[in-house]
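Each chain, written out:
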Amino acid sequence: MYARRRRNYLIMMGGCVTLFVSAWAVVRLWSMPVAVGMCVVAMVIPPVAAIVANRRGPEDRWWDDPSGDPQSDAWWDELDGKKRY
């Protein structure tokens, strides 16, 4: 799960860097408005990449971690229908 999120983050940030570099190294020679538009799109990618990288999926069961209180953990396990052996 962490590897998938890390890979998605790196792909998005790689795309961001690629957009910035190609906008000002190549595209600006043909069209300045397109280069600026590419930079605006690249500007939006880092916050979205951070959200995607920190999002927990349905298979991430962080709420099932034991709290440290045996009575509370046993009560929650009973409610969830799980038994600890």
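Residues numbered from 1 in each chain as written. Predicted model: local features only at pLDDT ≥ 70, side-chain atom pairs only at ≥ 80, totals over all residues. Heavy atoms only, no water.

### Comments concerning the overall build of the chain
Logical step 1: A count of helices and strands for the chain gives 3 helices and 0 strands.
Logical step 2: Looking at the 85 residues of the chain, the share that counts as buried comes to 18%.
Logical step 3: Taken as a whole, the chain presents about 6,700 Å² of accessible surface, with 66% of it coming from carbon and sulfur. (Helix = DSSP H or I, 4+ residues; strand = E, 2+ residues; numbered from the N terminus. Buried < 20%, exposed > 50% of the residue type's maximum accessible area, 1.4 Å probe, protein only. Areas by Shrake-Rupley, 256 points an atom, 1.4 Å probe, with all protein chains shown as cover.)

### Examining the confidence of the model for the chain
Logical step 1: Of all residues in the chain, 84% attain a pLDDT of 70 or more, and the chain-wide mean is 85.
Logical step 2: Predicted confidence in the chain is weakest over helix α3 (residues 70-80), with a mean pLDDT of 79, and strongest over helix α2 (residues 32-54), with 94. (pLDDT = per-residue confidence, 0-100.)

### Thoughts on the packing of helix α1 (residues 2-25) against α2
Angle between the axes and distance between the axes: these two values describe a pair of packed helices.
Logical step 1: Running from amino to carboxyl end, α1 crosses α2 at an angle of 165 degrees, the nearest separation of the two axes being 8 Å. With respect to α2, the element α1 is oriented roughly antiparallel. Like other packed secondary-structure pairs, α1 and α2 cross with a definite hand, here left-handed.
Logical step 2: Across the contact of α1 with α2, the residue classes break down as 23 nonpolar, 2 polar and 1 charged. (Axes fitted to C-alpha atoms, helices over the stretch in contact; angles between N-to-C directions. Parallel < 35°, antiparallel > 145°, perpendicular 65-115°, else oblique. Left-handed = near helix turned anticlockwise from the far one by under 90°. Nonpolar A, V, L, I, M, F, W, Y, C, P; charged D, E, K, R; others polar.)

### A few points about a nonpolar patch on the surface
Logical step 1: Judged by side-chain polarity, V17, F20, V21, W24, M32, V36, V40, M43, V44 and V48 come together as a nonpolar surface patch covering roughly 870 Å² of accessible area.
Logical step 2: Contributions of two or more residues to the nonpolar patch are made by α1 and α2.
Logical step 3: Looking at which element gives the most residues to the nonpolar patch, the answer is α2, with 6 residues.
Logical step 4: For V17, the location among the structural elements is in helix α1. (Patch = residues over 30% accessible without salt bridge, like charges linked within 9 Å, V, L, I, M, F, W, Y side chains within 5 Å. Salt bridge = Lys/Arg side-chain N within 4 Å of Asp/Glu carboxyl O.)

### Points about α1
Logical step 1: Helix length check: α1, at 24 residues, gives a terminal C-alpha distance of 34 Å against a target of 34 Å (1.5 Å per residue), a fit within 8%.
Logical step 2: Every buried residue of α1 is accounted for by R5, C16 and A23.
Logical step 3: Against the buried residues of α1 lie α2. (Expected span 1.5 Å × (residues − 1). Contact = heavy atoms within 4.5 Å.)

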